[in-house]
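# Secondary and tertiary structure notes
One letter stands for each residue in the lines below.
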Amino acid sequence: MRGLSDIRTVGVVGAGTMGNGIAQVAATAGYDVVMRDIERRFVDNGLESIESSLSRLDAKDELDESPEAIQDRITGTTAIGDLADADLVVEAALEDMEVKQDIFGDLEDVTDDDVVLATNTSTLSITTIASATDREDLVVGLHFMNPVPIMAGVEVVTGEKTAAEVTDLAHAFAEDLGKETWESDDKPGFVTNRVLMPWINEGIRAYDEGVASKEDMDKGMKLGTNVPMGPLELADHIGLDICLDASETLHEELGDRYKPAYLLKRKVAAGDLGKKTGKGFYEYE
């Protein structure tokens, strides 16, 4: 297995919100990054998001070097084979077990046998994802928070066969990106979503039942519990489709206490997914 000092190139699978965020923080930390997605338009959108994010951070004097220097360390591609030289790979694709297992099978074929393969899944089993490979001891969860360049934490999740030194490497790598870490066993929802999704769903239910306006629901939770966002605002920020996917996974694994709120399902069916579509519980520019 490669240690932290051996990691020069980081592969990222997925150029969406999470993938391009992971690519950005890895490049900012000095790593060369290969970011791969299945279509060139997704790759280009990811690179544009990184450029915009770095420009905002540069305007706030929060970068130690120019945005251009960081961007030069990121290569976008649609070819899975371009990850062959990666010393560590982080998968950040769709939250779908079949998709993730297919990706991990492909990664096993194209990367060296001693390369750690990490997944950014927020709810799916690390152990089950790892079972698609013959290196289950080298598979670990690295659950970044959204937005990745801003949020300080990374959840390290250990599968049934994850080696202790792989878990240690995951902590060390995340910390090298400037993040703080905590550790969870491979249980549904891990630490964050196990607690967060019921909170969001109950906030949605209470709003739907007329307990308070959406503004007062969020304001009450912010002022009453000292959280930065209330449940409806946070759901919009995460993406209502992502919240629904996570809730449905937890519902299947843990029962009715995790049943998704009806209004959440209705919003997703209508295509109102939150901030990324311009409308969720609130409207956005």
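Going by the annotation in an unreviewed UniProt entry, the name recorded for the protein is 3-hydroxybutyryl-CoA dehydrogenase, with Halobaculum magnesiiphilum given as the source organism.

Helix 8 (residues 214-225) packs onto helix 7 (residues 192-208) with a crossing angle of 140 degrees between their chain directions and a minimal axis gap of 10 Å. Taken together, helix 7 and helix 8 sit at an angle that is classed as oblique. As for how helix 7 packs across helix 8, the hand of that crossing is right-handed. Contact residues: helix 7 offers Trp 199, Gly 203, Ala 206 and Tyr 207, while helix 8 offers Lys 214, Met 217 and Met 221. In terms of residue class, the contact of helix 7 with helix 8 is made up of five nonpolar, one polar and one charged.

Here the focus is the UniProt feature "binding site: NAD(+)" (unreviewed entry) in the protein. UniProt feature "binding site: NAD(+)" (unreviewed entry): in the numbering of this structure it lies at Gly 14, Ala 15, Gly 16, Thr 17, Met 18, Gly 19, Asp 37, Glu 95, Lys 100, Ser 122, Asn 146 and Lys 276. Across 263 residues in sequence, these annotated residues place their C-alpha atoms as far as 23.2 Å from one another, rather than forming a single compact spot. Counting through the fold element by element, Met 18 comes out in helix 1 (residues 17-28). Other than its neighbours up to four places away in sequence, Met 18 contacts Ala 92, Asn 120, Phe 144, Met 145, Asn 146 and Val 148. For Lys 100, the position within the fold is in helix 4 (residues 97-110). The class for Lys 100 is buried, based on a relative accessible area of 0%. Setting aside residues no more than four positions away along its own chain, Lys 100 makes contact with Glu 91, Ala 93, Leu 94, Glu 95, Thr 119, Thr 121, Leu 124 and Ile 129.

Calculation rules
- Residues numbered from 1 in each chain as written.
- Predicted model: local features only at pLDDT ≥ 70, side-chain atom pairs only at ≥ 80, totals over all residues.
- Heavy atoms only, no water.
- Axes fitted to C-alpha atoms, helices over the stretch in contact; angles between N-to-C directions.
- Helix = DSSP H or I, 4+ residues; strand = E, 2+ residues; numbered from the N terminus.
- Parallel < 35°, antiparallel > 145°, perpendicular 65-115°, else oblique.
- Left-handed = near helix turned anticlockwise from the far one by under 90°.
- Contact = heavy atoms within 4.5 Å.
- Nonpolar A, V, L, I, M, F, W, Y, C, P; charged D, E, K, R; others polar.
- UniProt positions renumbered as here; feature names shortened; annotations may be inferred.
- Buried < 20%, exposed > 50% of the residue type's maximum accessible area, 1.4 Å probe, protein only.

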